[in-house]
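# Summary of structural features
Chain by chain, the residues run as shown.
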Amino acid sequence: MEKLVITGGKRLEGTIEISGAKNAALPLMCTPLLTDEPVILTNLPRLADITTLTDLLNHLGVTVTIAGGDGTGSGGRSLTFDASNIADTVAPYDIVRKMRASILVLGPLVARMGEATVSMPGGCAIGNRPIDLHLKALEALGAVIEMEDGYVRASAPGGLKGGSVRFPFVSVGATENILMTAALAKGTTTIENAAREPEITDLSKCLTSMGARISGAGSETITVEGVERLHGATHAVMPDRVEAGSYAVAALMTRGNLLLKNARAEDMQAPLDVLAEAGAIISNDADGVRVKSNGHLQGFNIVTQPFPAFPTDMQAQFMALASVADGASVITEAIFENRFMHVPELCRLGADIAVNGSSATIRGVNSLKGAQVMATDLRASMSLALAGLVADGDTVINRLYHLDRGYERLEDKLRAVGAQIERVND
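The rules behind these values
- Residues numbered from 1 in each chain as written.
- Predicted model: local features only at pLDDT ≥ 70, side-chain atom pairs only at ≥ 80, totals over all residues.
- Heavy atoms only, no water.
- pLDDT = per-residue confidence, 0-100.
- Contact = heavy atoms within 4.5 Å.
- Core = buried A, V, L, I, M, F, W, Y, C linked by side-chain atoms within 4.5 Å.
- Buried < 20%, exposed > 50% of the residue type's maximum accessible area, 1.4 Å probe, protein only.
- Salt bridge = Lys/Arg side-chain N within 4 Å of Asp/Glu carboxyl O.
- Helix = DSSP H or I, 4+ residues; strand = E, 2+ residues; numbered from the N terminus.
- Disulfide = S-S within 2.5 Å.
- Pairing = 2+ DSSP bridges.
- Axes fitted to C-alpha atoms, helices over the stretch in contact; angles between N-to-C directions.
- Phe/Tyr/Trp six-rings, centres within 6.5 Å; stacked < 30°, edge-to-face > 60°.

## Some points on the confidence of the model for the protein
For the protein, per-residue confidence averages 93 on the pLDDT scale, and 96% of positions sit at 70 or higher. Scored below 50 in pLDDT, residues 69–74 shows 6 contacts in the model against residues more than four places distant or in partner chains. Confidence over residues 123–129 falls short of pLDDT 50; this stretch has 22 contacts with residues more than four positions distant or in other chains.

In structure tokens:
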């Protein structure tokens, strides 16, 4: 097993290039299932989740090739996806169990092939994330849903027809799934209480470049006019706002100064606002967003909510920040009911955190102490890395497969701006 060893106390300064967004790339990789023409995606990050979804697409019959060069340069990879010959419409358990986003192949397959069978998905154990919203939305477009032996089978022998979908609560994944599906459904589909995240807008831009007719992406109501077929296109994956936010926290925690190259402030305004409250000096640069410390670190209060409010994917990282801030901070998790699993691990490093239901009170300490810790999910792993950057001595993070699902070349990027960090084999 690999481990990450971080020796704390180093100030970070320099430039970190932000990779393409994992949360945008995964739904974008499913768009080729909607057409028999090649789709080229640029700025794809090198992550375990990208590899997992590539394996699934390969299983379905999609040919995936590097679009140009060897894919090892900066700026992410460019991959060509050719789904002209769908060989299978079954997404098997062995692949789907590794990643929850695998459910995103369900809608596109039904829309194009008339049927799909997908294993119930896996992924991070951060709480109950049922797929019923995906299934009810498909039913609203005429799909017939059956559940058997841990698999979901959706069929539309007469084709899908536009309909009205209203989500009882905001779901990014369900919005993405039905947005792709509706692009090939006959007639008009209206999606109400749709997710407004930038990744939804990015997906809409890609689909539109493929010939889809979509209006309202980024708002609570999205309208899709179905078309008979979609064609190939080239699309650049948006920069990763969660990665950028994570490194912004690192800049403030280490009293540093980082330029987050390619980052877009409009995608991460809520976290930037909290960082400014905590003591960050933030400025827009021609190449991205610059975050530096004003020399003080003050506590803060946050509540996670759907975009444009504070994102749940940044909650753990800001808890690490609060652990070394002056005074007390309160963080309320209103999205997932089991996303405080990093609390015991941060406490092993000396953090003072008390959890009461969905809220955590964090009282800042003068210093953290390095220790052995274990990553419990993707974002929790980053919170431990951030804590390790300021802890006295060595912090050893185990179970790196969580980290590798969402952060590209983390140790290389941090080492380049002054961190003392290395990946070692057990």
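Text resumes after the structure shown.
## So, the nonpolar core
Ranked by internal contacts, the top residues of the largest apolar core, which has 76 residues, are L44, L53, V105, L106, L179 and L207. L106 has contacts with A116, V118, L135, L138, V152, A154 and N177, leaving out every residue within four places of it along the chain.

## Let's talk about the pattern of salt bridges
Using the criterion set out here, one finds 19 salt bridges in the structure. Between R405 and D49 there is a salt bridge, and its shortest N-O distance comes to 2.8 Å. Of this pair, R405 sits in the loop between α13 (401–404) and α14 (410–416) while D49 sits in helix α2 (residues 48–60), and the two are 356 residues apart along the sequence. In terms of burial, R405 and D49 fall into one category: buried. Between D404 and R423 there is a salt bridge, and its shortest N-O distance comes to 2.8 Å. Placement of the pair is D404 in helix α13 and R423 in strand β24 (residues 420–425), with a sequence separation of 19 residues. The partly exposed category is assigned to D404, whose relative accessible area is 24%. On the basis of relative accessibility, which here comes to 25%, the residue R423 falls in the partly exposed class.

## Comments concerning the environment of E197
Considering the arrangement of structural elements, one finds E197 in the loop between β11 (188–192) and α7 (198–209). Leaving out residues up to four positions away in the same chain, E197 has contacts with V172, R241, P306 and F307.

## Quick look at the environment of E148
Tracing the backbone shows E148 in strand β8 (residues 144–148). C-alpha separation for the pair E148 and A322, spaced 174 residues apart in sequence, amounts to 45 Å.

## What to know about the state of the cysteines
Counted under the stated rule, the structure contains 0 disulfides. C30 takes part in no disulfide bond, and the closest cysteine sulfur to it belongs to C206, at a distance of 11 Å.

## A short note on the sheet that holds strand β17 (residues 288–293)
Read across the open sheet, the 4 strands follow the order β2-β15-β17-β16; overall the sheet is mixed. The sheet is open, and its two edges are formed by β2 (13–17) and β16 (280–285), each paired on a single side. Along the sheet, successive strands turn relative to each other by an average axial angle of 20 degrees, direction set aside. Two elements, β16 and β17, share 6 bridges in a ladder whose sense is antiparallel. In the sheet register, D285 faces β17, and the bridge partner there is G288. In this fold helix α9 (residues 269–278) packs onto β16 and β17, with an angle of close to 135 degrees to the strand it touches most, β16.

## A closer look at the environment of A83
Structurally, the position occupied by A83 is in the loop between β5 (77–82) and β6 (90–91). In this structure the C-alpha to C-alpha distance between A83 and R229, which are 146 residues apart in sequence, comes to 13 Å. In contact with A83, not counting residues within four places along its chain, are P32, L33, T35, D36, V62 and R112.

## Section: helix α5 (residues 132–140)
Among the residues of α5, L133, H134, L135, A137 and L138 are the ones counted as buried. Here the buried face of α5 lies against α4 (106–113), β8, β9 (151–155), β10 (164–166) and α6 (172–182).

## Digging into the sheet that holds β6
Within the open sheet, the 4 strands sit side by side as β6-β7-β9-β8. Their pairing is mixed. Edge strands, defined here as strands with exactly one partner in the open sheet, are β6 and β8. Across 5 bridges, strand β7 (residues 115–119) lies against β9 in antiparallel orientation. Bridge pairing links A116 to A154 in β9. Of the strands in this sheet, β7 and β9 are in contact with α4, which crosses β7 at around 160 degrees.

## Thoughts on unusual backbone geometry
A cis amide bond, omega 15 degrees, links F307 with the succeeding residue P308. Examined against the element boundaries, P308 turns out to sit in the loop between β18 (301–303) and α10 (315–323). Positioned with a positive phi, N193 is a non-glycine residue whose angle comes to about 55 degrees.

## Description of the packing of aromatic side chains
Scanning all chains against the criterion turns up 2 aromatic pairs. Ring centres of F300 and F318 lie 5.8 Å apart, and the angle between their planes is 85 degrees; this geometry places the pair in the edge-to-face category. Taken together, the positions of F300 in the loop between β17 and β18 and F318 in helix α10 put the pair 18 residues apart, joining distant regions of the chain. In this structure, F300 and F318 share a single accessibility class: buried. Where F310 meets F318, the ring centres are 4.9 Å apart and the plane angle is 90 degrees; that geometry is what we call edge-to-face. Like F318, F310 is buried. Among the aromatic residues, those joined into a cluster by ring pairs are F300, F310 and F318.

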